[in-house]
Amino acid sequence: STTILAFTVADIERGRSRVSRMIWLLLLAVLWANCHGGYLGGLAMLGIAGTVWTVQACFGTGPLAERNQWWLFAFGMLGWVLAPLVSPFGFGLYQEWFSIWFKLDLSSYILEHQPPQLTDFYMITLYVVTLVLVLFMLLSQERKKCLASLAIFASWLLMTFKRSRNAPLAISSVTPF
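Residues numbered from 1 in each chain as written. Predicted model: local features only at pLDDT ≥ 70, side-chain atom pairs only at ≥ 80, totals over all residues. Heavy atoms only, no water.

When helices and strands are tallied, the protein shows eight helices and zero strands. The linear arrangement of helices and strands in the protein, starting from the amino end, is α-α-α-α-α-α-α-α. The burial tally for the protein puts 42% of its 177 residues in the buried class. Across the protein, every contact between residues at least 6 apart in sequence was considered, and the portion connecting residues at least 24 apart equals 72%. (Helix = DSSP H or I, 4+ residues; strand = E, 2+ residues; numbered from the N terminus. Buried < 20%, exposed > 50% of the residue type's maximum accessible area, 1.4 Å probe, protein only. Contact = heavy atoms within 4.5 Å.)

Any two side chains of opposite charge can pair, on the condition that their charged atoms come close. Summed over the entire model, instances satisfying the criterion amount to three salt bridges. Residue R21 is joined to D11 by a salt bridge in which the shortest nitrogen-to-oxygen separation is 2.7 Å. Here the residue R21 occupies a position in helix 2 (residues 21–35), and D11 occupies one in helix 1 (residues 2–13), the gap between them amounting to 10 residues. We classify D11 as buried; its relative accessible area is 15%. A salt bridge links E66 to R18, with the shortest nitrogen-to-oxygen separation between them at 3.7 Å. Placement of the pair is E66 in the loop between helix 3 (39–58) and helix 4 (67–82) and R18 in the loop between helix 1 and helix 2, with a sequence separation of 48 residues. (Salt bridge = Lys/Arg side-chain N within 4 Å of Asp/Glu carboxyl O.)

Attention shifts here to helix 1. Taking 1.5 Å as the rise per residue, helix 1 with 12 residues should run 16 Å; its terminal C-alpha atoms sit 16 Å apart, in good agreement. Burial analysis of helix 1 places nine of its 12 residues in the buried class, which makes it a mostly covered element. Three or more residues of helix 1 are buried, namely T2, L5, A6, T8, V9, A10, D11, I12 and E13. The inward-facing, buried residues of helix 1 abut helix 2, helix 3, helix 4, helix 7 (147–160) and helix 8 (167–173). (Expected span 1.5 Å × (residues − 1).)

Considering soluble globular proteins, one finds that nonpolar side chains tend to be buried as a cluster. Counting 40 residues, the largest nonpolar core has Y39, W53, W80 and L126 as its most contacted members. Of all elements in the fold, only helix 1, helix 2, helix 3, helix 4, helix 5 (92–103), helix 6 (121–139), helix 7 and helix 8 reach the threshold of two or more residues within this core. Ranked by residues supplied to this core, first place goes to helix 3 with eight residues. Filtering out sequence-adjacent residues up to four positions away, L126 remains in contact with F153, L157, T160, A167, A170 and I171. (Core = buried A, V, L, I, M, F, W, Y, C linked by side-chain atoms within 4.5 Å.)

This part is about a nonpolar patch on the surface. A contiguous nonpolar surface patch, about 550 Å² in accessible area, is contributed by L118, I124, Y127, V128, V132 and F161. Looking at the element boundaries, F161 is found in the loop between helix 7 and helix 8. (Patch = residues over 30% accessible without salt bridge, like charges linked within 9 Å, V, L, I, M, F, W, Y side chains within 5 Å. Areas by Shrake-Rupley, 256 points an atom, 1.4 Å probe, with all protein chains shown as cover.)

Looking at where N166 falls in the secondary structure, it is placed in the loop between helix 7 and helix 8. Each C-alpha atom of the pair N166 and G41 lies 10.0 Å from the other, and the pair is 125 residues apart in sequence.

Looking now at the packing of aromatic side chains. In this structure the tally under the stated criterion is five aromatic pairs. Here W53 and F73 contribute two aromatic rings whose centre-to-centre distance is 5.6 Å and whose plane-to-plane angle is 70 degrees, an arrangement assigned as edge-to-face. A residue pair is termed long-range when its members are at least 10 positions apart, and W53 in helix 3 and F73 in helix 4 qualify at 20 residues. Here W53 and F73 have matching classes, each one buried. Ring geometry for F91 versus Y94: centroids 5.8 Å apart, planes at 25 degrees, classification stacked. The structure contains a cluster of three or more aromatic residues connected by ring pairs, namely W32, Y39 and W80. (Phe/Tyr/Trp six-rings, centres within 6.5 Å; stacked < 30°, edge-to-face > 60°.)

Printed below as a string of structure tokens:
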């Protein structure tokens, strides 16, 4: 699901797809909200993309530069926010997620919630992916078109240093590059 979302953000960002494609992802949001709390990571990815694109739109660039595209994105985000209502948790999903993230220390019970070993396989892979991505961005003409994708990757990368389980998500968020 993270990879599908990353490809969608990259396609919209590069002009290969319109924001209206995000409406089809509402089905993914409903399915994801019913299957796994990681849905909130997807919601955060769209929130990051929307923030970057809104700032770009203020300068007359980016995928949301046209007002109707901005409203379409806002409608899509509202759908993503409301998606848990069709799950057994409803809006309680948000409360559970925040308590897990900020209140509970799951690292003593679940290994993937521990901070990573900096020489772990995922971390070394993440270092290589980060290096390749940085080199690509420095050498590419596409670098101005990928700001939201980069912000999403940077967010997952930073969260990886808190919980090792985020390393594969950081890697999958850059697969569209």
